[in-house]
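Report on the structure
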Amino acid sequence: MTQRIDKSLIAEQNAKLEGFLQEDYAALGNKLARDNINIEEITAKAAAFQIAVPSWGTGTGGTRFARFPGKSEPRNIFEKLEDCAVINDLSQCTERVSPHFPWDKVDDFTELKQTSDALGLKWDSINSNTFQDQPNQEHSFKYGSLSNTSEASRELAIQHNLDCIEWGKILGSKTLTVWVGDGSNHPGQQHFQSAFERYLNSMKKIYAGLPNDWEMHIEHKMFEPAFYSTVIQDWGSNILAAMELGDQAKSLVDLGHHAPNVNIEMIVSRLIQFKKLGGFHFNDSKYGDDDLDSGSLHPYQQFLIFNELVDAEYRNQEGFKPNYMLDQSHNVTDPIESLMNSAASVQRSYVSALLVDRSKLTEYQTNNDALMASNTLKNAFNIDVTPILAMARLQKGGAIDPIATYRKADYRTNIAAKRPSSGVSGSGIV
Ligand code: LRH
Ligand code: MN
């Protein structure tokens, strides 16, 4: 029997906090009304916001040095789905799960679909994996996958992506995300143009296998596991590939895949303008692809990214329907707590961006009033929208305080018997 957070426990915990919430919500409503903002409309938009959870984020993450498994770790996709259901029970904005194959591969995908249906979960983008060799794999990905000089390795990588589409169809997904670790560690090791041509020719074969209502999301990354060059190194190579492949190919922005201080919100604006923004992998980082909790270090940058996204919504930008997803590694926290926290952080950035006075902003931009333009954004960012996020959760049957309610439920202890720990530490991201 699947362990869920009891609705009565959620109601009991909410009852303790609802009075204060109603007070704070009314006060914020009055404040926003002074700027002709209807708090109910904002709360409705907050309630409609969804961000997908990465299946691989439900287990404790690690680095090349070590991984220290947490308590009652999920050991397979079925247990990962149970944890995703708990996250959605409390946060009410994470009904979609993004799997990674072959990490989540099963023999019976229909059974997996039935399990997710029973848990009220849907399937988001399918992530292929051609950055690791499988046991007894005939043709290695050591020197790349879709861009490998070996045709046999390329064909194997192409077939894996086509298989991912077939599995995704059974699960009801509509997107294939392709991130490759292909690149080089030494100057001269790779002929840049030839590698990119091999990559494009391989992607064209995968693109041909896409159902008409699917998208392919291409993910760029500056470095790792290659440390001199990567075939899809930045948004430039990414959008060139997406334009070369066709309308169903879009660019995905993983926040951690850029050099420190890169203006990611401007990259987002460009991708929106050219109708090539497929979606996001939200996380935060200080140095490299740290995969830390979203908004934990750069909440203003995350807000500025949503300022571009809400601006596009506000202007009814053609072809604008980006997919939102978390992509994080939880090395020292309970993954369920970090995923709930991070989903709320991204939802907060969205709601704050809804509060920007866009007509005033346009006026200040037109008149080159830089200070007032900047203040117009800061004013929205500085409004504490916590009551709106909590009210949206309450209205949907979630928890006013997800972390406190989760800890009260003592979920990890309750499922410990069902999930004996492997006791194996090991290393690596999952
Ligand atoms: C690459 C990446 C990619 C996933 C992997 C788990 O760094 O961001 O999106 O396939 O992490
Ligand atoms: Mn990613």
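Small disclaimer: the values here were computed from a predicted structure and weren't measured. All residue numbers refer to positions counted from 1 along the written sequence of the respective chain. Here every chain gets a letter starting at A, and every ligand a number starting at 1, in the order they are written. A pLDDT threshold of at least 70 governs which residues receive local features in this predicted model, and a stricter bar of 80 or more applies before side-chain atom pairs are shown or counted, although totals over entire chains, interfaces and linings include all residues. Values reported for side chains reflect all heavy atoms of the structure, with hydrogen atoms and water molecules removed beforehand.

1. Details of the pairing of strand 9 (residues 249-254)
Each regular strand shows side chains that alternate between the opposite faces of the sheet. When a residue's accessible area, from a 1.4 Å probe over protein chains only, is under 20% of the maximum for its type it is buried; when over 50% it is exposed; and in between it is partly exposed. Helix and strand assignments come from DSSP, with helices taken as H or I runs of at least 4 residues and strands as E runs of at least 2, each series counted from the N terminus. Taken across its six residues, strand 9 has six buried, putting it largely inside the fold. Across the two faces of strand 9 the burial is the same, with Ala249, Ser251 and Val253 and Lys250, Leu252 and Asp254 all buried. Here strand 7 (residues 215-219) pairs with strand 9 via four bridges, running parallel. Within strand 9, the position partnered with Glu219 by the bridge is Leu252. Note that strand 9 and strand 10 (residues 277-282) share four bridges and pair parallel. Criterion used throughout: strands pair if DSSP finds at least two bridges between them.

2. What about the sheet that holds strand 3 (residues 122-123)?
Pairing is parallel in the open sheet, where three strands are placed in the order 1-2-3. The sheet is open, and its two borders are formed by strand 1 (53-54) and strand 3, each paired with just one other strand. Alignment of strand 1 against strand 2 (residues 96-98), held across two bridges, turns out to be parallel. Counterpart to Pro54 in the pairing with strand 2 is Ser98.

3. Some details on the site of ligand 1
We call a residue near a molecule or strand as soon as one heavy atom of that residue lies within 4 Å of the molecule or strand. Of all residues adjacent to ligand 1, which total 12 residues, the nearest are His100, Glu219, Lys221, Asp254 and Asp327. Within the side chain of His100, a nitrogen or oxygen atom sits 2.7 Å from an oxygen atom of ligand 1. At a separation of 2.8 Å, an oxygen atom of ligand 1 approaches a polar side-chain atom of Asp327. In these tables, accessible area is a Shrake-Rupley quantity obtained with a 1.4 Å probe, and a residue counts as shielded only by the protein chains included in the view. If ligand 1 stood free it would expose 300 Å²; the protein chains cover 96% of that surface. Residue classes in the shell around ligand 1 are distributed as four nonpolar, three polar and five charged. Counted as a polar contact is a pair of N or O atoms within 3.5 Å, where, for protein atoms, one must be capable of donating a hydrogen and the other of accepting one, and residues adjacent in sequence contribute only when both atoms are in side chains. Just so you know the grouping, Ala, Val, Leu, Ile, Met, Phe, Trp, Tyr, Cys and Pro go in nonpolar, Asp, Glu, Lys and Arg go in charged, and all remaining residues, Gly too, go in polar.

4. Overview of the packing of helix 6 (residues 192-207) against helix 7 (residues 235-245)
To obtain an axis, a line is fitted to C-alpha atoms, over the contacting stretch when the element is a helix, and the angle between two such axes runs from 0 to 180 degrees between their N-to-C directions. Running from amino to carboxyl end, helix 6 crosses helix 7 at an angle of 45°, the nearest separation of the two axes being 10 Å. Regarding the angle of helix 6 to helix 7, the classification is oblique. The way helix 6 lies across helix 7 gives a crossing that is right-handed. Residues Phe196, Tyr199, Leu200, Met203, Lys204 and Tyr207 of helix 6 pack against Ser237, Leu240, Ala241, Glu244 and Leu245 of helix 7. Note that the term roughly parallel is reserved for angles under 35 degrees, roughly antiparallel for angles over 145, roughly perpendicular for angles of 65 to 115, and oblique for everything else. Each helix crossing is assigned a hand: it is left-handed if the near helix lies turned anticlockwise from the far helix by less than a right angle, otherwise right-handed if that turn is clockwise. Note on definitions: a residue-residue contact is assigned when non-hydrogen atoms from the two residues lie within 4.5 Å.

5. Describing the nonpolar core
We call a set of buried Ala, Val, Leu, Ile, Met, Phe, Trp, Tyr and Cys residues a nonpolar core when their side-chain atoms join them within 4.5 Å. Grouped together as the largest cluster of nonpolar side chains are 111 residues, with contacts concentrated most on Tyr199, Phe280, Phe282, Leu309 and Ile388. In terms of residue count, helix 10 (residues 335-354) provides more of this core than any other element does, nine residues in total. With sequence-adjacent residues up to four places away left out, Phe280 is seen in contact with Leu252, Val253, Leu255, Val268, Ile305, Leu309, Pro322, Asn323, Tyr324 and Met325.

6. Considerations on the packing of helix 2 (residues 39-48) against helix 13 (residues 386-395)
Between helix 2 and helix 13, the shortest axis-to-axis distance is 9 Å and the interhelical angle comes to 65°. Both helix 2 and helix 13 take part in a crossing whose hand is right-handed. Every residue of helix 13 that contacts helix 2 at Ile39, Glu40, Ile42, Thr43, Ala46 and Ala47 is listed here: Ile388, Met391, Ala392 and Gln395. Residues belonging to the contact of helix 2 with helix 13 are distributed by class as follows: seven nonpolar, two polar and one charged.

7. Let's talk about the sheet that holds strand 7
Taken in spatial order, the six strands make up an open sheet running 4-5-7-9-10-11, and their pairing is parallel. Single-partner strands in this sheet number two, and they are strand 4 (126-127) and strand 11 (323-326). The sheet strands contacting helix 8 (residues 264-273) are strand 9 and strand 10, and the helix crosses strand 10 at an angle near 155°.

8. Section: the side chain of Ser125
Its location among the elements puts Ser125 in the loop between strand 3 and strand 4. A polar contact is formed between the side chain of Ser125 and the side chain of Thr177, at a distance of 2.6 Å.

9. Section: the pattern of salt bridges
The salt bridge criterion pairs a side-chain nitrogen of Lys or Arg with a carboxyl oxygen of Asp or Glu, the two atoms within 4 Å. Inspection of the entire model under this criterion finds 26 salt bridges. Notably, a salt bridge pairs Lys205 with Glu155, separated by 2.8 Å at the nearest N-O pair. Of the two residues, Lys205 is situated in helix 6 and Glu155 in helix 5 (residues 151-171); the sequence distance between them amounts to 50 residues. According to the relative accessible area criterion, Lys205 is partly exposed, its value standing at 44%. Judged by its relative accessible area of 33%, Glu155 falls in the partly exposed class.

10. Looking at helix 8
All buried positions along helix 8 are accounted for by Ile264, Glu265, Ile267, Val268, Leu271 and Ile272. An end-on view of helix 8 places all buried positions within 155° of arc, on one side of the element. Its side-chain oxygen placed 3.4 Å from the backbone nitrogen of Glu265, Asn263 serves as the N-cap of helix 8. Here the arc refers to the set of directions running from the helix axis out to each C-beta atom.

11. Regarding the coordination of the manganese ion (ligand 2)
Metal donors: N, O and S atoms at distances within 2.8 Å, or within 3.2 Å for Na, K and Ca, with water omitted from the atom set so that some sites may seem incomplete. Taken together, Glu219 (OE), Asp254 (OD), His281 (ND1) and Asp327 (OD) make up the protein donors of the manganese ion (ligand 2), found 2.1 to 2.2 Å from the metal. Metal-centred angles of 72 to 171° between the six donor atoms at the manganese ion (ligand 2) mark the site as octahedral. Between consecutive donors of the manganese ion (ligand 2), the numbers of intervening residues give the motif E-x34-D-x26-H-x45-D. Separated by 62 residues along the polypeptide, Glu219 in strand 7 and His281 in strand 10 bring together distant segments of the chain. Overall, the relative accessible area of 5% leaves Glu219 in the buried class. Judged by relative accessible area, which is 1%, His281 ranks as buried. Irregular is the default label, applied whenever a site is not tetrahedral (four donors, all angles between 85 and 135 degrees) and neither square planar nor octahedral (four or six donors, opposite donors over 155 degrees apart, all other angles between 65 and 115).

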